[in-house]
Amino acid sequence: MTRDSDRLDLLSALSRKALWLSSWTIHHANHIRPNSDGLKVGGHQASSASLATIMSALYFAVLRPEDRVAVKPHASPVFHAIQYLFGRQSRDKLENFRGFKGAQSYPSRTKDTDDVDFSTGSVGLGVAQTLFSSLVQDYVTSHGWMKHRPEGRMIALVGDAEMDEGNIFEALLEGWKHGLRNTWWVVDYNRQSLDAVVREGLWEKFETMFRNFGWDVVIVKYGRLMQAAFAEAGGEALKRWIDNCPNQLYAALCFQGGSAFRKHLEDEIGDQGVVSQLIGRRSDDELLALMSNLGGHDMASMVGAFEAIDHDRPVCFIAYTIKGVGLPFQGHKDNHAGLMTVAQMEKWRSTQNIRPGHEWDQFEGLTQDPAALEAFLGEVPFNRGGQRRLSADVLDVPDRLAFTPAAVMSTQQGFGLVLNELARGDSALASRIVTASPDVTVSTNLGAWVNRRGLFARAERADLFRSEKIPSTFNWEFSPKGQHIELGIAEMNLFILASALGLSHAINGERLLPVVTLYDPFIERGLDALNYACYQDARFMVAATPSGITLAPEGGAHQSIATPLIGMAQDGLSSFEPAFVDELSAIMGWGFRHMQVEAGGSVYLRLSTRTVDQPQRIMTSDLASDIVEGAYWLRQPGPNAEAIVAYTGAVAPEAIEAVGFIGESRRDVGLLAITSADRLHAGWTAARRLRRDRRGVQHLSHIEKLLAPLPRDCGIVSVIDGHPATLGWLGSVRGQRLEALGVERFGQTGSIGDLYRHSGIDANAIIDAAESLTFGGPVLHRKMAV
Ligand SMILES: Cc1ncc(C[n+]2csc(CCOP(=O)(O)OP(=O)(O)O)c2C)c(N)n1
Ligand SMILES: [Mg+2]
């Protein structure tokens, strides 16, 4: 044997092993390890089988330590099997696949222990993540931070039906704009989705689309067995038949087996001559092996296709495969969640020469010399780099982030001022901030930052307005040192980019601090990507502005209602809605620290364009810490308080005014400024859990301490320009009656006054609520303008 054929032989053996182990993992979880619910835990034997050869080619031969892979969710068992063969995954975790703390159903960066590069699950997102990670790598390279590390290829294993996800197309366009490099997408073209068989000719659509965006396209359709058969007499006719066979029929015949193929081939192309002889020379098993030797199942073809790439342009490989190849339900359209029965597994086990009790043995059933396999595995290039997950130093963040104060300002303005001040300086912190915005850079107040720090592109690009001496407030020059990434409107792209930037410390070993902006209502447009970014523990800051019905004249379609609840419910994201700019600056300072620490996370700032009178006060460290914890008394309640108002964000002026009126006839009224319902609530939950788990511990949460001095019958009116449930839980902290004001219906156009009145979050609505919660005569109301 030549060295090449030795290598292919070992690779094919390992690929068979990966297929066995992945199927056995799923089988074990369903049939052998008892599940306490008595239910099957599932798994995707067919989807995994589809990719076993391709993934083996990549991991055992093609990948380098610097390459990163997003494995499509249902190929998780193959990924874990390969890591098991590398000694990076434990048998226990595999035996506990889909169990508590076992190997994860879908590859997870945070929960799996075998070095998953990118989490996947919601299809489409991992694919786009590779594209943006490649752009981030370019960013790090252009800023001179690669430190002689070789550039990696960002690789996604993509399902053909997964390609329906719109976010992939959105990403493609963005990649084209930024001159994407070093990205490979490998489409598992098994022509099956979850429900059915995909449309005919889809590959042609993919091919033209990718070429349109400047990608190289490599179609791997026929394996070596097929190619050899095509070269035989009559081979041309066989090839033509394969090319013309509808996807459904091909899949059905793969399921039925060699004799079904023979019947169709003889009926449709048999010629009693060379073609019939070509078919007749093969047994049923051999015929099935030939017909299922599509490119994606042929090691030589896949390794050859990958290794032939000699450029850094993005490449789409369309690899023909059969879903469930090699398993009893291969090709069956219902196979997506299909599991082998115990009897089927027993039969398959014997064909694989696996002895009972030896299912997990590394080389069981392989005929190759174990020493050769061992040596081969020890030399795999993918494993030569040591620790795959990199880290980066924590950057210093000053205690106070400065800004130029003004008597009347909005939080959105304040956000721009804080960044402007950072941009003016030369701190390490500022050098690692990267901003991005989906076509709303200027309208979210990033303009001043961009003027100072410039836009990023790998090649210089002048601002022609500037060179033509046309006055413009904004300098729109691109350079490799720029720190703002201009994006098109698609919010999904924004959050996937944030996810890629926010993992740079782990992927490139270089910390970046992404600050991204968008209009608050459009968080919902990018929500799955935001969730995905948080799920894989990317670290970023989102400034979402403007928000709520405070955006009055823009009308209902631009007014966010649910986002405060999203902010509270989103794991991995600490949400804030400050009313004043000094609060915002304290929160941003904390945020930049929080984004860098192990147990930290990402930060969401819900901001507003409403200008409000700013408090003239000194930001003490106690006040700053209360703001970050989520609340402080803007007006301390007295010992006999009958009512308090708890407000969040832009409605501060209404709350302040209402408290003035309520105080005329009710005793000791307090005003609670809530800067983060999210942090307050999380602190409260954590304290209760701690007290339950460790009896005797007296720990009180921030909100419990703040409300402790209030009499039990003191009413609470809460108010927010957002869904009232955000603050509605406050009454439960100490069992107080509460009326929650907020917005529950799509807004109208109008003035802020019109809309606050319409939604019942104006001063009089607050006064009404306080009145209904307290005893005593009527409370003086604010006179309405006529
Ligand atoms: C956003 C999203 N929608 C739906 C699903 C459920 N789902 C999982 S796999 C799948 C079909 C996948 O088909 P394909 O991408 O061709 O992969 P294959 O199973 O053929 O390997 C669907 C609909 C999901 N995981 N994510
Ligand atoms: Mg498919």
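The following paragraphs examine the structure supplied in this document. Numbers given for residues are sequential positions, taken from 1 along each chain in its written order. Lettering of chains starts at A and numbering of ligands starts at 1, both following the order in which they are written. Two thresholds apply to this predicted model, a pLDDT of at least 70 for residue-level local features and 80 or more for giving and counting side-chain atom pairs, whereas whole-chain, interface and lining totals are computed over all residues. Calculation of side-chain values draws on the structure's entire complement of heavy atoms; hydrogens and water are dropped beforehand.

This brings us to the packing of helix 25 (residues 581-594) against helix 26 (residues 621-629). At a minimum axis separation of 9 Å, helix 25 and helix 26 run at an interaxial angle of 75°. One way to sum up the angle between helix 25 and helix 26 is to call them roughly perpendicular. Residues E583, A586, I587 and W590 of helix 25 pack against A624, I627 and V628 of helix 26. Three categories are distinguished: nonpolar for Ala, Val, Leu, Ile, Met, Phe, Trp, Tyr, Cys and Pro, charged for Asp, Glu, Lys and Arg, and polar for the others, with Gly belonging to the last. Partitioned by chemical class, the residues of the contact of helix 25 with helix 26 number six nonpolar, no polar and one charged. All axes are obtained by fitting lines to C-alpha atoms, using only the stretch in contact for helices, and the reported angles, taken between N-to-C directions, cover 0 to 180 degrees. Only DSSP runs of H or I with at least four residues qualify as helices, and only runs of E with at least two residues qualify as strands; both kinds are numbered from the N terminus onward. The scheme is simple: roughly parallel for angles under 35 degrees, roughly antiparallel for over 145, roughly perpendicular for 65 to 115, oblique for anything else. A contact between two residues is defined here by any heavy atoms of the two lying within 4.5 Å.

Each metal's donors are the N, O and S atoms found within 2.8 Å of it, except that Na, K and Ca use a 3.2 Å limit; water is left out, so coordination can look incomplete. Only D160 (OD), N190 (OD1) and Q192 (O) from the protein reach the magnesium ion (ligand 2) as donors, at distances of 1.9 to 2.1 Å. Linear spacing of the donor residues for the magnesium ion (ligand 2) on their chain is D-x29-N-x1-Q. Taking relative accessible area as the criterion, N190 reaches 6% and is therefore assigned buried. For each residue, the accessible area found with a 1.4 Å probe, counting protein chains only, is set against the maximum for its type, and the residue is called buried under 20%, exposed over 50%, and partly exposed in between. On the accessibility criterion, Q192 (3% relative accessible area) is buried.

Turning our attention to the site of ligand 1. Nearness is defined per residue: one heavy atom within 4 Å of the molecule or strand is enough. Neighbouring ligand 1 are 18 residues; S47, K72, D160, Q192 and K323 lie closest to it. Whenever a nitrogen or oxygen atom comes within 3.5 Å of another N or O atom, the pair is scored as a polar contact, on the condition that within protein one atom can donate a hydrogen and the other can accept it, and that pairs from neighbouring residues in sequence are kept only if both atoms are in side chains. Between ligand 1 and A161 there is a distance of 2.9 Å, counted from an oxygen atom to a backbone nitrogen or oxygen. Within the side chain of N190, one N or O atom sits 2.9 Å away from an oxygen atom of ligand 1. Per-residue and other accessible areas were derived by the Shrake-Rupley procedure at a 1.4 Å probe size, with only the shown protein chains allowed to occlude residues. Considered on its own, ligand 1 offers 580 Å² of accessible surface; in the complex 74% of this is hidden by protein. Classifying every residue of the shell around ligand 1 gives three nonpolar, nine polar and six charged.

So, about unusual backbone geometry. T545 connects to P546 through a cis peptide bond whose omega is -5°. Tracing the backbone through its elements, the reader meets P546 in the loop between strand 12 (541-544) and helix 24 (563-569). Backbone geometry at K147 places phi at a positive 50°, although glycine is not the residue there. Tracing the backbone shows K147 in the loop between helix 5 (125-142) and strand 2 (154-159).

What follows is about the sheet that holds strand 20 (residues 738-741). The pairing criterion for strands is at least two bridges between them, as found by DSSP. In spatial order, the strands read 16-18-17-19-20; together these five strands make up an open sheet with mixed pairing. Looking at the sheet topology across the chains shown, the edges are occupied by strand 16 (631-635) and strand 20. Between one strand axis and the next, the sheet turns through 20° on average, direction left out of account. Pairing analysis gives four bridges linking strand 16 to strand 18 (residues 670-674), with the strands arranged antiparallel.

Tracing the chain through its elements places R68 in strand 1 (residues 68-70). In this structure the side chain of R68 is engaged in a polar contact, spanning 3.1 Å, whose partner is the backbone oxygen of R388. A distance of 3.3 Å separates a polar atom in the side chain of R68 from the backbone oxygen of I507. Each residue touching R68, except ones within four places of it in the same chain, is listed here: D117, F118, R153, M154, I155, R388, L390, A506 and I507.

The next thing to look at is the pattern of salt bridges. What makes a salt bridge here is a side-chain nitrogen of Lys or Arg within 4 Å of a carboxyl oxygen of Asp or Glu, nothing more. According to the stated counting rule, one finds 39 salt bridges in the structure shown. Here E207 ties to R211 by a salt bridge, and the two come within 3.1 Å at their closest N and O atoms. With a gap of four residues between them, E207 and R211 both fall in helix 7 (residues 202-212), about one helical turn apart. Overall, the relative accessible area of 41% leaves R211 in the partly exposed class. Salt-bridge contacts for D537 lead to R539; the nearest nitrogen and oxygen are separated by 3.0 Å. Note on D537: relative accessible area 29%, which makes it partly exposed.

Its place among the elements puts M55 in helix 2 (residues 45-62). Each C-alpha atom, one on M55 and one on V450, is 42 Å from the other, the two residues being 395 residues apart in sequence. With near-sequence residues (within four places) excluded, M55 lies in contact with F60, V71, A75, V78, F79, I82 and L157.

Taken in spatial order, the five strands of this open sheet run 1-2-3-5-4, and their pairing is parallel. With partners counted over all chains shown, the strands left at the sheet margins are strand 1 and strand 4 (216-220), one partner each. Adjacent strand axes in the sheet meet at a mean angle of 15° when their direction is disregarded. Across six bridges, the pairing between strand 2 and strand 3 (residues 183-189) is parallel. The partner of L157 across the bridge, within strand 3, is V186. Taken strand by strand, helix 5 contacts strand 1, strand 2 and strand 3, and its axis lies near 165° from that of strand 2.

This part is about the packing of helix 9 (residues 235-244) against helix 11 (residues 258-269). Packing of helix 9 against helix 11 brings their axes to within 11 Å, and their N-to-C directions diverge by 110°. Looking at the two axes, helix 9 sits roughly perpendicular to helix 11. Packed against helix 9, whose contacting residues are A237, L238 and W241, the element helix 11 presents F261, H264, L265, E268 and I269 at the interface.

With five of five residues buried, strand 14 (residues 602-606) lies mostly within the body of the structure. Side-chain alternation along strand 14 places S602, Y604 and R606 on one buried face and V603 and L605 on a second face that is also buried. Across four bridges, strand 12 lies against strand 14 in parallel orientation. Considered in strand 14, the bridge of V542 is made with Y604. For strand 13 (residues 573-576) and strand 14, the ladder comprises four bridges, and the chain directions are parallel.

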